[in-house]
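So you can see what is in the structure, the chains are spelled out below.
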Amino acid sequence: MLRLPDFPLPDPRGRFGPYGGRYVPETLIPALEEVEAAYQEAKRDPAFLEELAHYLKTFAGRPTPLFHARRLSEYWGGARVYLKREDLLHTGAHKINNTLGQALLARRMGKRRVIAETGAGQHGVSVATVAALFGMECVVYMGEEDVRRQALNVFRMKLLGAEVRPVAAGSRTLKDATNEAIRDWITHVRTTFYILGSVVGPHPYPMMVRDFQSVIGEEVKSQSLELFGRYPDALIAAVGGGSNAIGLFAPFAYLPAGQRPRLIGVEAAGEGLSTGRHAASIGAGKRGVLHGSYMYLLYDHDGQITPAHSVSAGLDYPGVGPEHSYFADQGIAEYVSVTDEEALEGFKLLARLEGIIPALESAHAIAHAAKVVPEMDKDQIVVINLSGRGDKDVTEAMRLLGGEL
Amino acid sequence: MTTREAFARAKAEGRAALIPYLTAGFPSREGFLEAVREVLPYADLLEIGLPYSDPLGDGPVIQRASETALRKGMSVQGVLELVQEVRALTDKPLFLMTYLNPVLAWGPERFFSLFRQAGATGLILPDLPPDEDPALVRLAQEIGLETVFLLAPTSTERRIATVVGYATGFVYAVSVTGVTGARERLPEEVKDLVPRIRAHTPLPVAVGFGVSGRATAAQAAVADGVVVGSALVRALEAGHPLGPILEDIQEGLRQKEPA
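Numbering of residues starts from 1 in each chain and follows the order in which that chain's sequence is written. Chains and ligands are labelled sequentially in the order written, the chains with letters from A and the ligands with numbers from 1. Whole-chain, interface and lining totals are the exception, using all residues; otherwise, since this is a predicted model, local features are given only for residues with pLDDT of at least 70 and side-chain atom pairs are given and counted only at 80 or more. Water and hydrogen atoms play no part in the side-chain values, which are based on all heavy atoms of the structure.

**As for the overall build of chain B**
Keep this limit in mind: A run of H or I in DSSP counts as a helix once it spans at least four residues, and a run of E counts as a strand once it spans at least two, with each numbered from the N terminus. With C-alpha atoms as the basis for the radius of gyration, the globule rule is written as 2.2 Å multiplied by the number of residues raised to the power 0.38. The rule is simple: take the accessible area with a 1.4 Å probe, protein chains only, and divide by the maximum for that residue type; under 20% is buried, over 50% is exposed, in between is partly exposed. Contact definition: two residues touch when any of their heavy atoms are within 4.5 Å. For the accessible areas, the method is Shrake-Rupley and the probe is 1.4 Å, while residue cover comes only from the protein chains on display. His is not counted, nor are the chain ends, whereas Lys and Arg count as positive and Asp and Glu as negative. The atom standing in for a charge is NZ when the residue is Lys, CZ when it is Arg, CG when it is Asp and CD when it is Glu.
The number of helices and strands found in chain B is 12 helices and 9 strands. Computed over C-alpha atoms, the radius of gyration of chain B comes to 17 Å, within 12% of the 18 Å expected from 2.2 N^0.38 for 259 residues, which places it in the range of a compact globule. Taken along the three principal axes of its C-alpha coordinates, chain B extends 45 × 40 × 30 Å. Within chain B, the fraction of its 259 residues that count as buried is 63%. For chain B, the share of sequence-separated contacts (at least 6 apart) that also reach a separation of at least 24 residues comes to 74%. Roughly 9,100 Å² of accessible area belongs to chain B as shown, and the carbon and sulfur atoms make up 51% of that amount. Of the side chains in chain B, 25 bear a positive and 31 a negative charge, and the two mean positions are spaced by 3 Å.

Below, the structure written as structure tokens:
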């Protein structure tokens, strides 16, 4: 039986320590209260949980395997490395864990229209997919720049029956698509459900998305007990907004310090933190407010949000979820960053050694594992979240690596 | 002139107060100051927007204006100087409309004190539901700034009661479920929202979002004040004079539709 776990945070005001909250125009406050109430009720309703479990199993393909990467382990010569295979899910990434949950909640609330923001298009495709599954009207906002770069995903969404609206404002990327989705929600709040794709945004989204994604860590818990008789020593995941990482971390993060594995979140250092062209909100950002949440954020001396950069469009977001911000301050998880170049090395390495082409997002986790795994003992166990598959990135990789192969 | 006096004067003349909104630094630094001179004779109070990179409560017109102002180099320091210059032109109440992140970036105490010194009367904070940060609201008030918050057609009685508890100066009633932008007609529910807010507070209530001319102004005139923003900014964008729009709106305010 699927269970949506009760974590100690956020507090009733939607805060993880000082982070989170609801910094949105007043028009949305009643809607957020409604979503929160509906979610709390659904979470305790066996019928809802049963239905979610049914679709996760029969439509998305859960549980996902915990795969022993023997050649990679041997190559690094340290801890034993296991990959959590979220890349095997329907639509190619962990995003579907959350979109199924939110779409079922939308249906339960009687909302027939869903909207979403998307960067590279993975979340958009995932929302378009569940909207088709449940017969809902679907509008996806996508920055003009991303529409151009990700033509294939735009076509996928259209094929699935969604309307894709290009956003010409600001930097024409994910942050602007999110602004536009929020504006749509403000305008159609009575009929529309906003399916947010990461652990960001106003309360209850960071909590709700975390809960839906925590199936990743819950499975890792039971799979580790079965395979090793204990929890892993370290968990590694890429962090943009932070949904795949929180999904893996959350079930372990609130364990007493002695029982908790080392939790390592890997941000995108882009062309290098010193160049200013990166997406490392924790590594190089300051506390601020964007899209309704107080969190680590990239902005200039006047508070104007600065565009993020990463080779991986899924990490290309100038903020990071409030719970990650809290974990960073409390030392519950450690946050590091790897460059575009290092991530591309990880991308190639996994393809050659294990026959798995990872998403460029997940390649960041591989690239950092390359630094820490060799330092660990052979009897230690590391789990890397392989949050998505690399099919979507092959064209970009061909452009960047073509000459080298 | 205090905010209370500005609303009282309009009331004594049997009309709603007129509150023009302009984005600081749009269409340029000088163009903004010219626009201020153009609107001041019609204005009872003035709202000045601090341009922001991610204005999620604003429609396309004010988004474009903010982008242009920022591209032309407008900064928080620049807005401070503009507020100071506008203060030298008028003693009417001046409200700064700003999203929260620039306040956090400068540090709330520094930001509030400097704008108070520059001559701002108060703040309008569209992405701060006041109960999210009561200490910040108190700080602004202690520094001498009035704090204006938005209420919307979707606001419940409980939200209205909570939000007006933090308001000083006036209360901003959003006419539509939507973002800023001129509209042909306001939804009828605006006529319910104003009395619903009045039942909770003695403060003046100003209606904003969507007021574009005579007809919408007549609808909004059930309130104590009417904010006109996108219609003016759109005219500036097109290089049209602002006087005729404001005269048309004044005409509408005199022809208040029955509640």
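Read on for the rest.
**Quick look at the overall build of chain A**
Scanning chain A from N- to C-terminus turns up 16 helices and 14 strands. Taken over C-alpha atoms, the radius of gyration comes to 19 Å for chain A, in line with the 22 Å a tight globule of 405 residues would show. Referenced to the eigenvectors of the C-alpha coordinate spread, the extents of chain A come out at roughly 55 × 45 × 40 Å. In chain A, buried positions account for 66% of the 405 residues. A separation of at least 24 residues holds for 74% of the contacts in chain A among residues at least 6 apart in sequence. With 43 positive and 48 negative side-chain charges, chain A shows a spacing of 2 Å between the two charge centroids.

**Side note on the nonpolar core**
Selection criterion: Throughout, nonpolar core names a set of buried Ala, Val, Leu, Ile, Met, Phe, Trp, Tyr and Cys residues whose side chains join them through atoms within 4.5 Å.
By size, the foremost hydrophobic cluster in this structure holds 202 residues, and its most contacted members are Trp-185 of chain A together with Phe-111, Phe-115 and Phe-170 of chain B. With sequence-adjacent residues up to four places away left out, Phe-170 of chain B is seen in contact with Thr-3, Phe-7, Ile-19, Leu-45, Phe-95, Ile-124, Val-148, Leu-203, Pro-204 and Ala-206 of chain B. Counting 25 residues, the second-largest nonpolar core is a separate cluster that includes Ile-264, Leu-349, Val-382 and Ile-384 of chain A.

**Details of the interface of chain B and chain A**
Operational definition: The quantity reported as buried area is the accessible area (1.4 Å probe) lost by two parts once they are put together, taken as the sum for both. Put simply, a salt bridge is a Lys or Arg side-chain nitrogen that is within 4 Å of an Asp or Glu carboxyl oxygen. Whenever a nitrogen or oxygen atom comes within 3.5 Å of another N or O atom, the pair is scored as a polar contact, on the condition that within protein one atom can donate a hydrogen and the other can accept it, and that pairs from neighbouring residues in sequence are kept only if both atoms are in side chains.
Taken together, the 39 residues of chain B in the interface contact 37 residues of chain A. Approximately 3,000 Å² of surface area, both sides summed, lies buried where chain B meets chain A, with 47% of it carried by carbon and sulfur atoms. It is Asp-54, Leu-56 and Glu-132 of chain B that lose the most area in chain B upon contact with chain A, and together they represent 22% of the buried surface on that side. Of the charged contacts in the structure, one is a salt bridge between Arg-158 of chain B and Glu-33 of chain A, with a shortest N-O distance of 3.2 Å. Viewed at the interface, chain A and chain B are joined by 19 residue pairs in polar contact (both at pLDDT 80 or more). Elements with a contribution of two residues or more to the side of chain B that touches chain A: helix 3 (60–71), helix 5 (100–106), strand 6 (150–151) and helix 8 (157–164) of chain B.

**A word on the sheet that holds strand 12 (residues 292–297) of chain A**
All names here are of chain A. Threshold: For two strands to be treated as a pair, DSSP must find at least two bridges joining them. Only the stretch in contact is used when a helix axis is fitted, and all axes are lines through C-alpha atoms; the angle between N-to-C directions ranges over 0 to 180 degrees.
The strand order across the open sheet built from 4 strands is 1-2-12-11, with neighbouring strands paired in antiparallel fashion. The open sheet terminates on both sides in strands that have one partner only, identified here as strand 1 (15–16) and strand 11 (286–290). Relative to strand 12, strand 11 is paired through 5 bridges, and the arrangement is antiparallel. Within the sheet, the bridge partner assigned to Val-289 lies in strand 12 and is Tyr-294. Against the sheet, helix 13 (residues 322–330) engages strand 1, strand 2 (19–23), strand 11 and strand 12, with an angle of about 40° to strand 12.

**Things to note about the environment of Arg-159 of chain B**
Tracing the sequence through the fold places Arg-159 of chain B in helix 8. Along the primary structure Arg-159 of chain B and Pro-129 of chain B are separated by 30 residues, whereas in three dimensions their C-alpha atoms are 9.6 Å apart. Contacts of Arg-159 of chain B, omitting those with residues within four sequence positions, involve Glu-26, Ile-29 and Glu-33 of chain A together with Pro-129, Asp-131 and Leu-151 of chain B.

**What to know about the pattern of salt bridges**
Enumeration over the complete set of coordinates arrives at 51 salt bridges over all chains. Note that Lys-175 of chain A and Asp-176 of chain A form a salt bridge whose closest N and O atoms lie 3.3 Å from each other. The class for Lys-175 of chain A is buried, based on a relative accessible area of 5%. Linking Glu-30 of chain B and Arg-29 of chain B is a salt bridge whose minimum nitrogen-to-oxygen distance equals 3.5 Å. According to the relative accessible area criterion, Glu-30 of chain B is partly exposed, its value standing at 46%. Three or more residues are tied together by salt bridges with common partners; here these are Asp-6, Lys-43, Arg-44, Arg-210, Asp-211 and Glu-323 of chain A.

**Some details on helix 7 (residues 151–159) of chain A**
At 3.6 residues per turn, the α-helix brings residues three or four places apart onto the same side. All names here are of chain A. Put simply, the rule reads: Along the arc lie the directions from the helix axis toward the C-beta atoms.
Of the residues making up helix 7, those classed as buried are Asn-153, Val-154 and Met-157. In a view along the axis of helix 7, the buried residues occupy a sector of 105°, so they form one face of it. Summarising the geometry of helix 7, the exposed residues directed more than 90 degrees from the buried face are Leu-152, Phe-155, Lys-158 and Leu-159. Packed against the buried residues of helix 7 are strand 5 (113–118), helix 5 (122–134), strand 6 (137–143), helix 6 (144–149) and strand 7 (163–167).

**Quick notes on the packing of aromatic side chains**
Selection rule: Paired rings are identified among Phe, Tyr and Trp, the last through its six-membered ring, by centres lying within 6.5 Å, and are further divided according to the angle between planes into stacked (under 30 degrees), edge-to-face (over 60) and tilted (the rest). For a ring to carry a charge above it, either NZ of a lysine or CZ of an arginine must fall within 6 Å of the ring centroid while also lying within 35 degrees of the normal to the ring plane.
By the definition in use, this model includes 18 aromatic pairs over all chains. Centroid distance Phe-7 of chain A to Tyr-254 of chain A: 6.0 Å. Interplanar angle 40°. Geometry classified as tilted. Linking Phe-7 of chain A in the segment before strand 1 with Tyr-254 of chain A in the loop between helix 11 (243–253) and strand 10 (262–270), this pair joins segments that are 247 residues apart in sequence. Residue Tyr-254 of chain A is classed as partly exposed on the basis of its relative accessible area, which comes to 24%. Relative to Phe-112 of chain B, the ring of Phe-111 of chain B has its centre 6.2 Å away and its plane inclined at 80°; by these criteria the two rings are edge-to-face. Assigned by exposure class, Phe-111 of chain B and Phe-112 of chain B land together as buried. Among the aromatic residues, those joined into a cluster by ring pairs are Phe-7, Tyr-254, Tyr-326 and Phe-327 of chain A. The positively charged end of Arg-85 of chain A is found above the aromatic ring belonging to Phe-67 of chain A, 6.0 Å away from the centroid. Over the ring of Phe-252 of chain A we find Lys-221 of chain A; its NZ or CZ atom is 5.8 Å from the centre of that ring.

**Focus on helix 9 (residues 190–198) of chain B**
Among all positions of helix 9 of chain B, only Val-190, Lys-191, Leu-193, Val-194 and Ile-197 of chain B are buried. Here the buried residues of helix 9 of chain B occupy an arc of 165° about the axis, which is enough to place them on one side.

**Let's talk about the side chain of Gln-63 of chain B**
Inspection of the secondary structure puts Gln-63 of chain B in helix 3. A residue is classified by how much of its surface remains accessible, and Gln-63 of chain B, at 9% relative accessible area, is buried. A distance of 2.9 Å separates a polar side-chain atom of Gln-63 of chain B from the backbone oxygen of Asp-58 of chain B. Apart from residues lying up to four places away in sequence, Gln-63 of chain B is in contact with Ala-169, Glu-180 and Arg-183 of chain A together with Pro-55 and Asp-58 of chain B.

**Things to note about the confidence of the model for chain B**
Worth spelling out the cut-off: For every residue, the pLDDT score states the predictor's confidence, bounded by 0 at the bottom and 100 at the top.
Summarising the model, chain B shows a mean pLDDT of 96, and 100% of its residues fall at 70 or more. In the predicted assembly, ipTM is 0.96 and pTM is 0.97.

**Some remarks on the packing of helix 10 (residues 215–228) of chain A against helix 11 of chain A**
Residue and element names in this part refer to chain A. For clarity, the cut-off: Any angle that is under 35 degrees is reported as roughly parallel, and any over 145 degrees as roughly antiparallel; angles of 65 to 115 degrees are reported as roughly perpendicular and all others as oblique. In this scheme, a crossing is called left-handed if the near helix is turned counterclockwise away from the far one by less than a right angle; it is called right-handed if the turn is clockwise. Nonpolar residues are Ala, Val, Leu, Ile, Met, Phe, Trp, Tyr, Cys and Pro. Charged residues are Asp, Glu, Lys and Arg, and all others, Gly as well, are polar.
Between helix 10 and helix 11, the least distance of the axes is 6 Å, while the angle of their chain directions is 50°. The orientation of helix 10 relative to helix 11 falls into the category oblique. As for how helix 10 packs across helix 11, the hand of that crossing is right-handed. Contacts from Ile-216, Gly-217, Glu-218, Val-220 and Lys-221 in helix 10 reach Asn-244, Gly-247, Leu-248, Pro-251 and Phe-252 in helix 11. Considering only residue class, the contact of helix 10 with helix 11 consists of 5 nonpolar, 3 polar and 2 charged.

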